[in-house]
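For reference, the chains in residue letters:
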Amino acid sequence: MRLIIFAILLVTFSCKESPKELYTWQSMEVTATAYNSLAYQTSSEPNITAFGDSLQPGKKYIAVSRDLLKLGLKHNIPVKIEGLEGIYLVKDKMHSRWRKKIDIYMGEDVKAAKLWGKKTVCIDYGIPISE
């Protein structure tokens, strides 16, 4: 019994903050498409993002339209996407012609990107809480 109480106290008074306390979560509706790290879809360096990051197939990344940068969807911000599991990170930015749009990175799986197509989805994104 003492061990259980000690464990509860240890978790309660831990030095680490829980992820919920690190961010204020915002929601918005966006158009979501998908892209691949292939030269004909991106640039001559398809694995390098506009932020200078290297894309790695299998990782959960998105690109955002530049108007969303001003709303807080900046580099490395966590994003939850309706209809998909897990947390995606903002790793790329799109051409300035796009508005309220995200592009979901799908590695080199062109079939998966085409299957996703174009959808309107709700996203939740975390704005870091200032200390």
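Further up the page is the structure itself.
This one's a predicted model, so the numbers in the text were calculated from it and none came from an experiment. (Residues numbered from 1 in each chain as written. Predicted model: local features only at pLDDT ≥ 70, side-chain atom pairs only at ≥ 80, totals over all residues. Heavy atoms only, no water.)

(A) How the structure looks around the sheet that holds strand β5 (residues 101-105). Taken in spatial order, the 6 strands close into a barrel running β1-β5-β2-β4-β3-β6, and their pairing is mixed. Averaged over all adjacent pairs, the angle separating strand axes in this sheet is 45°, with direction ignored. Looking at chain direction, strand β1 (residues 23-35) and β5 are connected through 5 bridges and run parallel. Bridge pairing in β5 links Y35 to Y105. (Pairing = 2+ DSSP bridges. Helix = DSSP H or I, 4+ residues; strand = E, 2+ residues; numbered from the N terminus. Axes fitted to C-alpha atoms, helices over the stretch in contact; angles between N-to-C directions.)

(B) Region of the structure containing the packing of aromatic side chains. Evaluation of the coordinates by the stated rule reveals 3 aromatic pairs. Seen in terms of ring centroids, Y35 and Y105 are 5.6 Å apart; in terms of plane orientation they differ by 55°. Their pairing is tilted. One end of the pair, Y35, is in strand β1; the other, Y105, is in strand β5, with 70 residues separating them in the sequence. On the basis of relative accessible area, Y105 is assigned to the buried category, the value being 4%. Each member of the aromatic cluster is reached from another via a ring pair, and the members are Y35, Y61 and Y105. The ring centre of W25 lies 4.4 Å from the NZ or CZ of K80, which sits over that ring. Cation over ring: K101 sits above W98, and NZ or CZ is 3.6 Å from the ring centre. (Phe/Tyr/Trp six-rings, centres within 6.5 Å; stacked < 30°, edge-to-face > 60°. Buried < 20%, exposed > 50% of the residue type's maximum accessible area, 1.4 Å probe, protein only. Lys NZ or Arg CZ within 6 Å of the ring centre and 35° of its normal.)

(C) Main features of the nonpolar core. One finds I62, L73, I81, I102, I104 and I123 to be the most contacted residues of the largest nonpolar core, which totals 22 residues. In terms of residue count, β1 provides more of this core than any other element does, 4 residues in total. When near neighbours in sequence (up to four residues on either side) are disregarded, I81 contacts I62, Y88, I102, I104, V121, C122 and I123. Y35, L55, Y61 and Y105 belong to the second largest nonpolar core, which has 6 residues in total. (Core = buried A, V, L, I, M, F, W, Y, C linked by side-chain atoms within 4.5 Å. Contact = heavy atoms within 4.5 Å.)

(D) The side chain of K91, seen in detail. Within the secondary structure, K91 is located in strand β4 (residues 88-93). You can call K91 buried: its relative accessible area is 14%. If we skip the residues at most four places from it in the chain, K91 touches T49, F51, D53, Y61, I62, H75 and N76.

(E) Region of interest: the environment of L22. Within the secondary structure layout, L22 lies in helix α2 (residues 19-22). A sequence separation of 108 residues divides L22 from S130, and the C-alpha atoms of the two residues are 8.6 Å apart.

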